[in-house]
Amino acid sequence: MKRPTQKVRYKLLKVLCGIIALFYLHNAAADQSLHVAVASNFLSTFKHLKSEFEQTHNSQILISTGSTGKLFAQISHGAPYDIFLSADDVRPKQLQRLGLTKQNKPFTYAYGKLVVFHPGILSSQFSLGYLTNKGVEHIAIANPKLAPYGEAAKQWLVHKGVWTSITHKVVMGENINQALQYVKSGNAQVAIVALSMVQQERDSRFTELDSKDYQPIKQQGVLLTHRQAGAEFITFLSSEAARTIIQQRGYGVP
């Protein structure tokens, strides 16, 4: 059997070097990317934060979104996220107790605000009686078992003494985006959702609810890996630029 000539060996070496280079480039690109799990209510705001962060850091952010409960379940079963931005302060602490968090304790990045979205009437015309009106056939909220905003919506309705009388009207989305979509598609007349989801829309008609009538929606995040880019993003979230973006889109900040 003939041995490869020097020319052939040189070509093989070039191909091998090319493969190795591609491997390292791929790993470098992967190392610069950050995978963040974002609660549905915060998705629109997070996209603005993502843009700001990528302009000033050598990292790219990949986004996965869904209800807080669904994302928590994915992380518990090994989903490879670097950061989890929850819509509550319960799941991040549960992940910490499970030993699935890294470097830092859960941190608060925003406080949520609840509204009744009622496109059929002006805000000046809204009252609690509107929800029990026969003209309102369906009231959309996120599933309280999966979504903190759904839990807060139920708390508000219970506190106001109308939950029992309107339970038959309530339709539940898997997350807060789905609850809002029920109204936009005409399948519900009212939705109880996050302020951040409706204040940016043109001609949006909504009534902000008194935060004393439901438990505070403390949105916490947690770092899930030892990636430097993850630590940098968490530091960025407490910057003045990030805090301004979060406040402008309907949230309180710590």
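Heads up: the structure comes first, above all this text.
Residues numbered from 1 in each chain as written. Predicted model: local features only at pLDDT ≥ 70, side-chain atom pairs only at ≥ 80, totals over all residues. Heavy atoms only, no water.

**Things to note about the overall build of the protein**
Across its full length, the protein holds 11 helices and 10 strands. Split into buried and exposed, the 254 residues of the protein put 44% on the buried side. Sequence separation of at least 24 residues holds for 77% of the intrachain contacts in the protein that already meet a minimum separation of 6. Only carbon and sulfur atoms are counted for the fraction: they give 53% of the accessible area of the protein, which is about 13,700 Å². (Helix = DSSP H or I, 4+ residues; strand = E, 2+ residues; numbered from the N terminus. Buried < 20%, exposed > 50% of the residue type's maximum accessible area, 1.4 Å probe, protein only. Contact = heavy atoms within 4.5 Å. Areas by Shrake-Rupley, 256 points an atom, 1.4 Å probe, with all protein chains shown as cover.)

**Some thoughts on the packing of aromatic side chains**
Enumeration over the complete set of coordinates arrives at 7 aromatic pairs. Ring centres of Phe 53 and Phe 233 lie 5.0 Å apart, and the angle between their planes is 80°; on these two criteria the pair is classed as edge-to-face. With Phe 53 in helix H2 (residues 43-56) and Phe 233 in helix H10 (residues 228-237), this residue pair connects regions lying 180 residues apart in the sequence. Note on Phe 53: relative accessible area 0%, which makes it buried. Relative to Phe 236, the ring of Phe 53 lies with its centre 5.4 Å away and its plane at 55°, an arrangement referred to as tilted. With Phe 53 in helix H2 and Phe 236 in helix H10, the pair connects residues that are 183 residues apart, well separated along the chain. Overall, the relative accessible area of 7% leaves Phe 236 in the buried class. Ring pairing ties together the aromatic residues Phe 46, Phe 53, Phe 233 and Phe 236, which thus form one cluster. (Phe/Tyr/Trp six-rings, centres within 6.5 Å; stacked < 30°, edge-to-face > 60°.)

**Regarding the sheet that holds strand E10 (residues 217-223)**
Pairing is mixed across the open sheet formed by 5 strands, whose spatial order is E2-E1-E3-E10-E4. Each edge of the sheet is formed by a strand with only one pairing partner; in this case those strands are strand E2 (60-66) and strand E4 (107-112). Put simply, the sheet's adjacent strands are angled 20° from each other on average, direction ignored. As judged from the 3 bridges shared by strand E3 (residues 83-85) and E10, these two strands associate in the antiparallel manner. When the sheet's bridge partners are listed, Leu 85 is paired in E10 with Gly 221. (Pairing = 2+ DSSP bridges. Axes fitted to C-alpha atoms, helices over the stretch in contact; angles between N-to-C directions.)

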